[in-house]
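Structural features, examined
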Amino acid sequence: MNTGAPDLDLAEARARVLGIQTKLHRWATGDPRRRFDDLFNLVADPAFLLLAWHRVRGNKGARSAGVDGQTARAIEAGRGVAAFLTDLRSDLKAGRFSPLPVREAMIPKSGGRLRRLGIPATRDRVVQAAMLLVLEPIFEADFRPCSYGFRPRRRAHDAIAEIHAFTSRSYEWVLEADIEACFDEIDHSALLDRVRRRVGDKRVLRLVKAFLKAGILGEDQVSRETRSGTPQGGILSPLLANVALSVLDDHFAERWQHECGSRVDRARRKRHGQANYRLVRYADDFVVLVAGAEAHAEAVKDEVAAVLAPMGLRLSAAKTRVVHIDEGLDFLGFAIRRDRKRGTGRRYVYTYPAKAALAAVKRKVKAISRQGTNKQLSDLLRQLNLVLRGWTGYFRHGVSAATFGYLRHYTWRRVVDWLRHKHRRAGWKQLRRRYLTGVGLWPQHDGVTLFNPAAVKITRYRYRRDRIPSPWSTSATLA
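Keep in mind it's a predicted model, so treat the numbers as computed, not measured.

1. What to know about the overall build of the chain
- Per the secondary structure count, the chain includes 17 helices and 13 strands.
- On C-alpha atoms alone, the chain measures out to a radius of gyration of 25 Å, which is about the 23 Å that the 2.2 N^0.38 rule sets for 479 residues.
- Projected onto its principal axes, the C-alpha positions of the chain cover 75 × 70 × 50 Å.
- Considering the chain as a whole, with its 479 residues, one finds that 49% of them fall into the buried category.
- Surface accessibility of the chain: about 23900 Å² in total, with carbon and sulfur atoms responsible for 49%.
- Counting 87 positive and 49 negative side-chain charges, the chain places the centres of these two groups 9 Å from one another.

2. Concerning the packing of aromatic side chains
- Summed over all chains, the structure comprises 12 aromatic pairs.
- With a centroid separation of 6.5 Å and 20° between ring planes, the pair formed by Phe-139 and Phe-143 is classed as stacked.
- The buried category is assigned to Phe-139, whose relative accessible area is 5%.
- Judged by centre distance (5.2 Å) and plane angle (85°), the ring pair of Phe-166 and Tyr-171 falls under edge-to-face. Both residues of the pair, Phe-166 and Tyr-171, count as buried.
- One aromatic cluster is present, built from ring pairs that chain together Phe-334, Trp-391, Tyr-394, Phe-395 and Phe-404.
- The residue whose ring lies beneath Arg-278 is Trp-256, and the NZ or CZ to ring-centre distance is 4.7 Å.
- In this structure, Lys-362 is placed above the aromatic ring of Tyr-410, and the distance from its NZ or CZ to the ring centre is 5.1 Å.

3. Quick word on the pattern of salt bridges
- Within the structure shown, the criterion is met by 29 salt bridges.
- Residue Asp-339 pairs with Arg-337 through a salt bridge whose shortest N-O separation is 3.3 Å.
- Classification of Arg-337 by relative accessible area gives partly exposed; the value is 29%.
- One network of salt bridges, in which partners are shared, links Arg-144, Arg-194, Asp-250 and Glu-254.

4. Notes on unusual backbone geometry
- Backbone geometry places Phe-150, a non-glycine residue, at a positive phi of 55°.
- Along the chain, Phe-150 turns up in the loop between helix H6 (122-140) and helix H7 (156-167).
- Classification of Phe-150 by relative accessible area gives partly exposed; the value is 48%.
- The phi dihedral of Leu-441 falls on the positive side, at around 60°, and the residue is not glycine.
- Along the chain, the position of Leu-441 falls in the loop between helix H17 (428-434) and strand E12 (444-445).
- Accessibility expressed as a relative area gives 30% for Leu-441, which makes it partly exposed.

Rules used in this analysis
Residues numbered from 1 in each chain as written. Predicted model: local features only at pLDDT ≥ 70, side-chain atom pairs only at ≥ 80, totals over all residues. Heavy atoms only, no water. Helix = DSSP H or I, 4+ residues; strand = E, 2+ residues; numbered from the N terminus. Rg over C-alpha atoms; globule rule 2.2 N^0.38 Å. Buried < 20%, exposed > 50% of the residue type's maximum accessible area, 1.4 Å probe, protein only. Areas by Shrake-Rupley, 256 points an atom, 1.4 Å probe, with all protein chains shown as cover. Lys, Arg positive; Asp, Glu negative; His and termini not counted. Charge placed at Lys NZ, Arg CZ, Asp CG, Glu CD. Phe/Tyr/Trp six-rings, centres within 6.5 Å; stacked < 30°, edge-to-face > 60°. Lys NZ or Arg CZ within 6 Å of the ring centre and 35° of its normal. Salt bridge = Lys/Arg side-chain N within 4 Å of Asp/Glu carboxyl O.

In structure tokens:
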């Protein structure tokens, strides 16, 4: 493929990259067995590196430095982006590029646990972003519709909508699975074998392996080898994790196609006392929906474990369980449960914010309102509005009206308590006249109004089935 490109601005780079990605995706879709042998030149192409830089620069993580201490802003203020990308391209072409170890950062999780996050050096992030631009269109041609996490134009809501659709149609038993330390345990050899099915360019394969084996510089300043796993925090890691976990997608997709692909097949299996299965996966979180008996769902647990074992992965015994849809499950922040509709005898599957998700947003609201009173109310409202808009925007596709109403009252009470702390000598009438001037004593100050969760319109998310287009399916190719 011709990669000779003059100096480009960002718009030209985007157009060039999109055109090449469209070709790669079309070729990969047209020939499922094709291996791509000339990809390294694309990774080192000026247009791909420029677009990769802008992706890295635009991420929140651009403010964090790797082991070399260089942030994106420091590079811009120092030798400049053009010189940085020129030197990086030269190192790639000459074979001098070698990834640095990632810097370890421990991030708090729920329940007091910690999650290991790896922060690569900025130059390594740029190369990973360029590799993602090249490899993603190829592997997207192979990924199954049941996979939703870290894929373009696919959302958590698509996974929830699919679970809702199938559990509403006789798939009443659910294997709620959790993979033990997924990103830390993926077997490198097995992962690279799956990458080789599509990538024949040895230089790209060496880069992938080099990133996997780059090592970790711990918070205790001790260097450690990485013999398994893909570091969380790397731009390429989600794609590699999807490549590894696609072994599960392939297994259930082939089973669905061969055993229960048609309505007649599914009805025949049901008559013979056999179960039908459907996998829904979002990154390393997945469920297996079972139309059958509890024993069928228990049996599929061993089947899943056997499929994952060659990738070095295992199910968490403590967190993997079989539940009935009437009991309900939590998935991607939503509680999904079948319940009786009020005033009727009919039962429906509902999706609404899980208790853990509500508790999490309450903790954020509480933390913001406890930062201190040495600021204006308008500043407090801006911080709260960011949290409330994002949270309600995510959950507005569920049965969330009652939860939004509760969150409205909780936030209002936190703001009023904050005002009373700030103005200890002011009476209720003074606070009301000065700050609670909106309808229903709603907080306002300096043109900023507290976001009202209860005013968010609830809409049902449309289940898109397998009709989600890729970014490259209808794009115009370069001449």
